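Structural overview
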Amino acid sequence: MTDPIEPTTSTSDPNPNSSPTTLLHPRRDPFEHGLLPIQKLIFTDPVQALTPLKQKFASSLTHRVDSAALADALQISLDHARLILDTLALVLHSESDPLVTAKPDDVDSVGADLRDLILFLYIQSYKKLLPRFHKDSAAVADVWPSTSAFDGYLSALSPLQLVRCNTRRFMPSQADEEAHQLSYLQKHLANILSLLSESVEGEDKESLVLTMDGFEHLGFLIQFVDKGSEGVPLSQVAPFFANSDPDMPAAPVAVAQVHDWLLQNIASSLELVTEKISAKENGAPGGSDQDVAMADASPSLAKASPSSRSPCFIEGVSKSSYLKQASDLKSSSVKVINCHDSVIYILAPLKYATIYGCSDATIVLGAVGKTVRVEHCERVHVIMAAKRVCVANCRECVFFLGVNQRPLIVGDNHKIQVAPYNTFYSQLEEHMAGVGIEATVNRWDEPLALGMIDPHSSLSHPAGVSDAQAESAARLGPDQFSNFLIPNWFEGESVGSTKDNPFPLPEAYLTSQQRNQKNLGEIKQILREAPLEENRKRELSCALHVYFKDWLYGNASLLSFLLIHPAISSCFHCCFICL
């Protein structure tokens, strides 16, 4: 990889922080949800590879790139080019960008901003942080390509066994990952700025300048967070653009000056994060990760992070039912981690959701306006309305989907099934409208399988094995499809307008559903009209209740849930009385 451009000493001495409470942070979204396992996007020398792309499209009036032009420039398929645009839209920092607001049919006519696209393509060579127990993580953290010390061992483990061998004390924390991303930006900042810069007369390095508009595009990778606020626009923090006249374009600034100022801010943030990690490892008071309040293993104690920038963690729920509604969340991002034998409801509008290391569980997500990532799960049923879902390294899972984009299947998956969306709750359509999900577009049955090997993780590079396409997902048969009923816990408190599944069912599934409902009605009618004497009817009723109790006591999580929700328990009782 090309060595970063050496920083040029600037005569200015800008204050590295505009205020003591304003700190630079990496944006997590591109690193967590924007990396695609497409080998042609992994550049050995990103500057050399992306400079021709910049030169080719910089002369266009709009500075925007569509799928066909991108496919031609990178020599990739149209499907992959469209996937790049769709993924970029999901992780962009500007919600007002035309690519973010475009309807699915208009994405190509709108195209992606060239500068955002270059930054997106540059970070495709990013390597994720290794678990802490790796004996030489620093030596391989940013080497491309690399092999893993666990090759031959991890491949023998199931996705869940792999997760369980990586306990919390070994897995990178949010602070670890932030420090890794800051180090990456620190190393590659000069290259990134050179790709965003413009040349003026002269060929020396001082001839590279950055406009205020170009500087704002760095918001794709970094953000300044002021204490108590969501974020501060970059140009308002930078001393060379602050207080610029809105009616008069600010003068471009030498790249060297921007480079020096950002390096100082990155170094300051990195120092603070490193101190936090050290304090946490040493068990010092106040050494906990203030940015991420981890949920306790007890579901009653699981809570949202205090910072709206941080995700809400739901972790360690076992043999229980668990509910989060919009009023319970302070964050627009949720991570469900290591939950087993449980039913989890997150009935809220979200931007991002991650489900990691779960087994034998049913997880219902409300409306996710960006993307959902499901990784290292076994025998999990996931029900979601979302823009997109990415499934990685899962086994025997079923996904009931209402998605506007093709589901991505990556990594080592086995026996994955997809099916149409199958539930609703009273505020679902309101939440979908709020995050921009269209019920008229459901691409649940168009899974796109990418590479089996994740080029961004050092743990998944079997030595000497070439990349292969991941096993795709199969459709769940209509005869196996059924509706999922979400209890109305707080009836009367929050009334929504949704009365049915907002996603139209395909004809085969609708026919199967109607047939099942008809059969159930006939069975009820037969039981009601059975020519039995009163004592025989009582015996039949008692037998049904005995079998129901046996089944119920065999489902400890459901039993405990009904015991603390008597209203729902009475509904179950009424159902059997009707029989």
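Residues numbered from 1 in each chain as written. Predicted model: local features only at pLDDT ≥ 70, side-chain atom pairs only at ≥ 80, totals over all residues. Heavy atoms only, no water.

1. A look at the environment of Gly214
Checked against the element boundaries, Gly214 lands in helix α11 (residues 212–216). By relative accessible area, Gly214 is classed as buried at 2%. The spatial distance from the C-alpha of Gly214 to the C-alpha of Pro252 is 9.3 Å, given a sequence separation of 38 residues. What Gly214 contacts, discounting residues up to four positions off in sequence, is Arg115 and Leu196. (Helix = DSSP H or I, 4+ residues; strand = E, 2+ residues; numbered from the N terminus. Buried < 20%, exposed > 50% of the residue type's maximum accessible area, 1.4 Å probe, protein only. Contact = heavy atoms within 4.5 Å.)

2. Some points on the side chain of Arg388
Within the fold, Arg388 resides in strand β13 (residues 381–392). Despite its burial, Arg388 remains without a salt bridge, the nearest opposite charge being carried by Asp86 at 4.9 Å. Within the structure, the side chain of Arg388 is placed 3.1 Å from the side chain of Gln405, a separation counted as a polar contact. Among residues more than four places away in sequence, those in contact with Arg388 are Leu83, Asp86, Thr87, Leu90, Lys370, Thr371, Val372, Val403, Gln405, Arg406 and Leu408. (Lys, Arg positive; Asp, Glu negative; His and termini not counted. Salt bridge = Lys/Arg side-chain N within 4 Å of Asp/Glu carboxyl O. Polar contact = N/O pair within 3.5 Å; in protein donor to acceptor, adjacent residues only side chain to side chain.)

3. Description of helix α4 (residues 78–91)
Between its first and last C-alpha atoms α4 spans 20 Å; for 14 residues at 1.5 Å apiece the expected length is 20 Å, and the two agree. With 10 of 14 residues buried, α4 is to be regarded as a mostly interior element. Where α4 is concerned, the buried positions are Ala81, Leu83, Ile84, Leu85, Asp86, Thr87, Leu88, Ala89, Leu90 and Val91. (Expected span 1.5 Å × (residues − 1).)

4. Let's talk about the confidence of the model for the protein
Summary statistics for the protein give a mean pLDDT of 80 and a share of 74% for residues scoring 70 or more. At the low end of the mean pLDDT range in the protein sits helix α8 (residues 137–140), at 44; at the high end sits strand β14 (residues 398–403), at 98. Within the model, pLDDT remains below 50 along residues 1–20, and this stretch shows 40 contacts once partners closer than five positions in the same chain are excluded. (pLDDT = per-residue confidence, 0-100.)

5. Quick look at the packing of aromatic side chains
What the rule picks out here adds up to 14 aromatic pairs. Seen from their ring centres, Phe240 and Trp261 are 5.5 Å apart, and the 80 degrees between their planes marks the pair as edge-to-face. With Phe240 in the loop between α12 (234–237) and β7 (253–254) and Trp261 in helix α13 (residues 255–281), the pair connects residues that are 21 residues apart, well separated along the chain. Of the residues examined, Phe240 reaches a relative accessible area of 15% and is grouped as buried. When the centroid spacing of 5.4 Å and the interplanar angle of 80 degrees are considered together, the rings of Phe481 and Tyr509 count as edge-to-face. (Phe/Tyr/Trp six-rings, centres within 6.5 Å; stacked < 30°, edge-to-face > 60°.)

6. Quick word on the nonpolar core
Formed by 76 residues in total, the largest nonpolar core has its most connected members in Ile84, Leu121, Phe215, Leu218, Phe220, Leu221 and Leu262. If we ignore the near neighbours within four places in the chain, the residues touching Leu221 are His25, Pro26, Arg27, Phe31, Leu119, Ile123, Leu185 and Ile192. Membership of the second largest hydrophobic core comes to 58 residues, among which are Val334, Leu365, Val380 and Val391. (Core = buried A, V, L, I, M, F, W, Y, C linked by side-chain atoms within 4.5 Å.)

7. Observations concerning the packing of helix α2 (residues 46–57) against helix α10 (residues 174–196)
Closest axis-to-axis distance for the α2/α10 pair is 10 Å, and the angle between their directions is 15 degrees. Accordingly, the angle class assigned to the pair α2 and α10 is roughly parallel. α10 is crossed by α2, and the crossing has right-handed handedness. Seen from α2, the contacting residues are Val47, Leu50, Thr51 and Lys54; seen from α10, they are Asn191, Ser194 and Leu195. A breakdown of the residues in the contact of α2 with α10 according to their chemical character gives three nonpolar, three polar and one charged. (Axes fitted to C-alpha atoms, helices over the stretch in contact; angles between N-to-C directions. Parallel < 35°, antiparallel > 145°, perpendicular 65-115°, else oblique. Left-handed = near helix turned anticlockwise from the far one by under 90°. Nonpolar A, V, L, I, M, F, W, Y, C, P; charged D, E, K, R; others polar.)

8. A word on the sheet that holds strand β4 (residues 198–199)
Hydrogen bonds along the backbone pair up the strands of a sheet, which may run parallel or antiparallel. With antiparallel pairing, three strands are arranged side by side in an open sheet as β4-β5-β7. Among the strands making up the open sheet, the edge pair consists of β4 and β7. In terms of strand pairing, strand β5 (residues 208–210) meets β7 through two bridges, oriented antiparallel. Residue pairing across strands places Val209 opposite Ala254, the latter belonging to β7. (Pairing = 2+ DSSP bridges.)

9. Remarks on the side chain of Thr362
Along the chain, Thr362 turns up in strand β12 (residues 362–375). In contact with Thr362, not counting residues within four places along its chain, are Ser342, Val343, Ile344, His381 and Phe484.

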